[in-house]
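Letter by letter, the chains look like this.
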Amino acid sequence: MTDFDAVLLSYDEPLADSLHTRLARVLGGTVKRLHGVRGMRRAYRLTAELVDTDQFFLVDGDFAIDPAFPASAVEPLAAGVSMRVWRAVNPVNGLTYGYGGLKLIRTSALREMGQAVDVLAALPGRAEFSPHTAGTTLFNQTPFHAWKAGFRECAMLARGSEYGMTDASAQERINAWTASKDGDFADYAAAGARDGLELARTAARDPKRFEALNDPTWLHRHFITLHGEQAVAG
């Protein structure tokens, strides 16, 4: 049993229902859900209104928590820390890092969040990155979801990490994404990574265009434009 509330934030992920059930089973506490909210920044802020604890687990709708995750042993965030991120296994490229990982977040920090394309990078205070792995990010459930993951992540990595990652580390991750070859729809993740690099090349200094990374309607339309209607269903 955990001392923290939890919220699964989902939009259109096919496995979100079953992953919510799994999360509740592992955490054993209050696990709420926010689904289908348009506007990524708005959705994140709304999660803070669902919880009754000062800190809570924030979980993506495609995150499969490890059944052995020691929820009851999780320590609260220290003063000055707004978020802790546990690593997640990436199913298409062999990486294990914070992308798609489990988060413990300070409720007040979400209410005071600023502006950034990588929304949670705009939290006041500092982010803390755990060396431990909490599960797997199952973003590769359809061609579109796999493409979107590679597209958004590599566009942001190429533009420059908002978490202070070195250029060398960012390039290593870009290289892995563009070489994705394992698991379902890995070729779409690789294609998305390449398409994201192109967006960063042409729009990185145009905030309005780059903010489209957080617009689900634009992302789906762009995917179809680049890869065709036949790719949507796989």
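Rules used throughout
Residues numbered from 1 in each chain as written. Predicted model: local features only at pLDDT ≥ 70, side-chain atom pairs only at ≥ 80, totals over all residues. Heavy atoms only, no water. Helix = DSSP H or I, 4+ residues; strand = E, 2+ residues; numbered from the N terminus. Buried < 20%, exposed > 50% of the residue type's maximum accessible area, 1.4 Å probe, protein only. Lys, Arg positive; Asp, Glu negative; His and termini not counted. Salt bridge = Lys/Arg side-chain N within 4 Å of Asp/Glu carboxyl O. Contact = heavy atoms within 4.5 Å. Core = buried A, V, L, I, M, F, W, Y, C linked by side-chain atoms within 4.5 Å. Pairing = 2+ DSSP bridges. Right-handed = clockwise from strand over helix to strand, strands pointing away. Phe/Tyr/Trp six-rings, centres within 6.5 Å; stacked < 30°, edge-to-face > 60°. Axes fitted to C-alpha atoms, helices over the stretch in contact; angles between N-to-C directions. Parallel < 35°, antiparallel > 145°, perpendicular 65-115°, else oblique. Left-handed = near helix turned anticlockwise from the far one by under 90°. Expected span 1.5 Å × (residues − 1). Polar contact = N/O pair within 3.5 Å; in protein donor to acceptor, adjacent residues only side chain to side chain.

Q: With reference to specific residues and values, describe the side chain of Glu153.
A: You can see Glu153 is positioned in helix α4 (residues 143-159). At 5.8 Å, Arg173 is the nearest oppositely charged side chain to Glu153, a buried residue that forms no salt bridge. With sequence-adjacent residues up to four places away left out, Glu153 is seen in contact with Tyr97, Tyr99 and Trp177.

Q: Which residues make up the nonpolar core, and what values go with them?
A: When a protein is soluble and globular, its nonpolar side chains tend to lie buried together. Leu27, Phe57, Ile65, Phe69, Trp86 and Leu102 are the most contacted members of the largest nonpolar core, which totals 21 residues. With near-sequence residues (within four places) excluded, Leu102 lies in contact with Phe57, Leu58, Val59, Phe63, Ile65, Phe69, Arg84, Val85, Trp86 and Ala134. Within the second largest apolar cluster, 20 residues are counted, among which are Leu34, Leu110, Leu120 and Ala122.

Q: Now, about the side chain of Thr47: what can you tell me, with residues and values included?
A: With respect to the element layout, Thr47 can be found in helix α2 (residues 40-47). Not counting residues within four places of it along the chain, the set of residues in contact with Thr47 comprises Val7, Leu9, Leu34, Phe56, Leu58 and Leu110.

Q: Which residues make up the pairing of strand β1 (residues 5-10), and what are the values?
A: With six of six residues buried, β1 is to be regarded as a mostly interior element. What you see with β1 is no split at all: Asp5, Val7 and Leu9 on one side and Ala6, Leu8 and Ser10 on the other are buried throughout. Judged from the five bridges that link them, β1 and strand β3 (residues 55-60) form a sheet pairing that is parallel. By the bridge assignment, Asp5 is partnered in β3 with Phe56. With five bridges joining them, β1 and strand β2 (residues 31-35) adopt parallel strand pairing. Looking across to β2, one finds that Ala6 is bridged to Val31. Between the parallel pair β1 and β2, the chain is carried across by helix α1 (residues 16-27), and the sense of this crossover is right-handed.

Q: Any details on the packing of aromatic side chains? Residues and values, ideally.
A: Within this structure, the stated rule accounts for 14 aromatic pairs. The structure contains a cluster of three or more aromatic residues connected by ring pairs, namely Phe144, Trp147, Phe151, Tyr188, Trp218 and Phe223.

Q: Please set out the packing of α4 against helix α5 (residues 167-178) residue by residue, giving values where relevant.
A: In the contact formed by α4 and α5, the axes pass within 10 Å of each other and the chain directions differ by 155 degrees. Classified by the interaxial angle, the pair formed by α4 and α5 is roughly antiparallel. The chirality of how α4 crosses α5 is left-handed. Of the residues in α5, those in contact with Ala149, Gly150, Glu153, Cys154, Leu157 and Ala158 of α4 are Ala170, Arg173, Ile174 and Trp177.

Q: Describe in detail α4, supporting the description with residues and values.
A: Under the 1.5 Å per step criterion, the end-to-end length of α4 is 24 Å for 17 residues, consistent within 8% with the ideal 24 Å. Within α4, 14 of the 17 residues are buried, which leaves it mostly tucked inside the rest of the structure. Trailing α4 by a residue or two, Gly160 shows a phi angle of about 130 degrees, which is positive.

Q: How would you sum up the environment of Ala79? Please name residues and give values.
A: With respect to the helices and strands, the residue Ala79 is situated in the loop between β4 (63-65) and β5 (81-89). Distance in space between the C-alpha atoms of Ala79 and Arg126 is 9.7 Å, their sequence separation being 47 residues.

Q: Let's hear about helix α8 (residues 216-227): which residues, and what values?
A: Here α8 contains 12 residues, and its C-alpha end-to-end distance of 16 Å stays within 8% of the 16 Å for a straight helix at 1.5 Å per residue. Where α8 begins, the side chain of Asp215 points an oxygen toward the backbone nitrogen of Thr217, at a separation of 3.0 Å. Gly228 sits one or two residues past α8 and shows a positive phi near 90 degrees.

Q: Tell me about the environment of Leu46, residues and numbers included.
A: Checked against the element boundaries, Leu46 lands in helix α2. Sequence separation of Leu46 and Leu123 is 77 residues, and the distance between their C-alpha atoms is 14 Å. For Leu46, the residues in contact, after removing those within four places along its chain, are Leu34 and Val37.

By themselves, these are just geometric observations and shouldn't be taken as functional.
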